[in-house]
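Letter by letter, the chains look like this.
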Amino acid sequence: MQFTEHNNSIKITVPVTLAPLSAQDVNTQLQAAGYGRCLVIQEQITNLLVEYQQIQQKIKEKLQPEGALLSYRVAEKRDAELSFDITEDKMSAAAIITAAWGGAPMSANALVKAAQEASIVFGFSKDHIIKLVTHASKADSGSKVKLLVARGRAVVHGQNSRFEPLIPEMQSRRNKPLVQTEDKADLRDFGVIPAVRAGDNLMRRHPPTAGVDGMLVDGSLIPANPGQVIEWQMAEGSELSAADNELLIAARDGLPRVVDNGATVDEVFTVKNVDLSTGHIIFKGSVVINGDVTEGMKVIAGGNVFIKGFVEGTLIEAGGDINVGGSIIGHQIPSAEKDSEYSTELKAKGDIQCNIAQYARLSCDGNIYVNKQLMHCAVAAAKVYAGPEDNPNGKVIGGYFYLDYGIYTGNLGAPSSSNILIELNRMIDPIAEKQEVLRASVSAAKKDMQDIREQLEKLKKIEGNAQIELRKQELQQAFEDNRNVAMALIEDIKQLESQRREKLDQTLIVVRQQLFSAVVVHFGTDHIRSRREYGPSKIMLVDNSPAIEPFL
């Protein structure tokens, strides 16, 4: 048999003899002739074999001599084919190459040219293109190879003005004691309490950034929104530098404290102890107590409160942080449920930090940082860290917790199965309350719609006149108004539910050493209880359900 090529078609010419001929014979000869990667036209091979057998039968019956030539187009060469898959947002484009059937492979230059004709003009990856065409040239004929060849540039919106505190101690020190040696630290020593003098630099305002425009793969520009200038929030005890409007300086001596978009310098009240000899301390600035706060005493400050000793007092309240170098010791109460009364309460707008706390109520807008142990307390905070923030190895035993995000500790619970109730709902409950109000409004709107529907049904039974028709139109409009209100409320409920789920997904409890039984954790309306002892664990939502997972 012979093969000839014309216009990428492969034609076979074979004489008919009494020798058998099979499809395998034809394919073998195609391979031998160098056409093995061409697209075989199986239907034509079948037709060839059928006619070959028909003529062969005639030869056997001596109706026709051997040697009749049959010619069929049994294969063809096809160049590599190319298509593109552009994502809906036009931020990326992939090229799909169908490997050649014996024809010309796809070249990098041809791919780029075809991409440009397909409106892909930005973000080409030279390495990916070369990798794709190389792989496709070696792939099985007709197989498809796909790879991302162009990626858009994401828009980076400008950042608003940024405020940088120029005194490190103005930021919360997050229970990181001063290290005295490589392996020793005094857990009660948090260093010198920060203080400034009039004229000291407090904070610098950095200008907003312009942002970086985005670009789609088709060359369309996504303009960046420039950052906005955020104005200073001038607070007592600070002022702008006369030489630099971007620099905030201290207007008086005192303790610096960060506030929203600015800083304040609190006046300082210093006392050795707070006891019957001093009376309660109520001061608009910051309070420094070099000793203890004894039982029954109160300290209320507009700024930070620093207590180097113990706290047994009734109330410590701060407009900033509360930092206790010693321990917070309340009266022992048989059970630490969330409605229990405590002899000692600490309330802060910022963080609360201490060495040990027991039988006390602690509430703050920020985080609770406890060096060693938190026992049978009622806590409301964003997060709780028992031990250093970067390696929580402390203990949390008993109590009630109402938190935004979670707890990070070494041990959670105790071998005695001290009950712990943790509600990770402080951000969730306000959303749920809004949803309930909206659902009640939806129910009211639906009830009004039902009442209107019943009135319309009654009017339909009355013989019509102009007044009746006018009343029908009024009712129909009222029905539509209530329907639109209900639909808007339902959409609001859906948006709130999306926010609720997003915040729940941020909640997490990390136990680095041991999780004991009798720990109950609420995630919204769902909860989980530990019924045995676990090693290092995480308590989190998995597929929207609370779960205890090993901490790896």
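Look above for the structure.
Residues numbered from 1 in each chain as written. Predicted model: local features only at pLDDT ≥ 70, side-chain atom pairs only at ≥ 80, totals over all residues. Heavy atoms only, no water.

Caption draft 1: Looking closely at the packing of helix α1 (residues 23–32) against helix α2 (residues 42–60). In the contact formed by α1 and α2, the axes pass within 10 Å of each other and the chain directions differ by 125°. With respect to their mutual orientation, α1 and α2 come out oblique. As for the relative orientation of α1 and α2, their crossing is right-handed in sense. Taken together, the residues of α2 that come into contact with α1 (itself represented by Ala-23, Val-26 and Asn-27) are Ile-45, Leu-48 and Leu-49. (Axes fitted to C-alpha atoms, helices over the stretch in contact; angles between N-to-C directions. Helix = DSSP H or I, 4+ residues; strand = E, 2+ residues; numbered from the N terminus. Parallel < 35°, antiparallel > 145°, perpendicular 65-115°, else oblique. Left-handed = near helix turned anticlockwise from the far one by under 90°. Contact = heavy atoms within 4.5 Å.)

Caption draft 2: Structural context of the pairing of strand β33 (residues 420–423). Where strand β32 (residues 395–412) lies against β33, 4 bridges are found, and the strand directions are parallel. The partner of Gly-399 across the bridge, within β33, is Ile-420. Here β33 pairs with strand β35 (residues 519–523) via 4 bridges, running parallel. Paired with Glu-423 across the two strands is His-522, which belongs to β35. (Pairing = 2+ DSSP bridges.)

Caption draft 3: Molecular detail of the sheet that holds strand β3 (residues 39–40). Strand order in the open sheet formed by 4 strands is β1-β2-β4-β3, and the pairing between neighbours is antiparallel. If you trace the sheet from one side to the other, it starts and ends with β1 (2–6) and β3, each paired once. Taken together, the 2 bridges between β3 and strand β4 (residues 69–76) define a ladder with antiparallel strand orientation. Considered in β4, the bridge of Val-40 is made with Ala-75. Relative to the sheet, α1 contacts β1, β2 (9–15), β3 and β4, its axis offset from that of β1 by approximately 60°. Against the sheet, α2 makes contact with β2, β3 and β4, and its axis sits at roughly 165° relative to β4, the strand it touches most.

Caption draft 4: Fine view of the environment of Ile-528. Mapped onto the secondary structure, Ile-528 falls in strand β36 (residues 526–529). Residues Ile-528 and Glu-389 lie 139 residues apart in sequence; the distance between their C-alpha atoms is 25 Å. Aside from chain neighbours lying at most four places away, what touches Ile-528 is Val-519, Val-520, Val-521, Ile-539, Pro-546, Ala-547 and Ile-548.

Caption draft 5: How the structure looks around the sheet that holds strand β17 (residues 247–250). The antiparallel open sheet is built from 4 strands, whose spatial order is β9-β12-β17-β16. Because the sheet does not close on itself, it has two edges, and the strands there are β9 (162–165) and β16 (238–240). Between one strand axis and the next, the sheet turns through 25° on average, direction left out of account. Of the pairings in the sheet, the one linking β16 to β17 comprises 3 bridges and is antiparallel in character. The partner of Leu-240 across the bridge, within β17, is Leu-248.

Caption draft 6: Representation of the nonpolar core. Counting 54 residues, the largest nonpolar core has Leu-362, Leu-374, Val-379, Phe-401 and Ile-422 as the members making the most contacts within it. Element by element, the count of residues in this core is highest for strand β31 (residues 368–386), at 8 residues. Excluding residues that lie within four positions of it along the chain, Leu-374 makes contacts with Ala-357, Leu-362, Val-379, Val-384, Lys-395, Val-396, Ile-397 and Phe-401. Counting 20 residues, the second largest nonpolar core, distinct from the first, contains Phe-3, Leu-30, Tyr-35 and Ile-59. (Core = buried A, V, L, I, M, F, W, Y, C linked by side-chain atoms within 4.5 Å. Buried < 20%, exposed > 50% of the residue type's maximum accessible area, 1.4 Å probe, protein only.)

Caption draft 7: Representation of helix α4 (residues 126–138) within the structure. Between the first and last C-alpha of α4 there are 19 Å, a value that for 13 residues agrees with the 18 Å anticipated at 1.5 Å per step. Among the residues making up α4, those that are buried are Ile-129, Leu-132, Val-133 and Ala-136. Along the axis of α4, the buried residues cluster in a sector spanning 90°; they form a single face. Structural note: α4 exposes Asp-127, Lys-131 and Lys-138 on the side pointing more than 90 degrees away from its buried face. Tucked inside the fold, the buried residues of α4 contact β6 (92–98), α3 (108–117) and β7 (144–151). (Expected span 1.5 Å × (residues − 1). Arc of directions from axis to C-beta.)

Shape descriptors only; they carry no functional weight alone.
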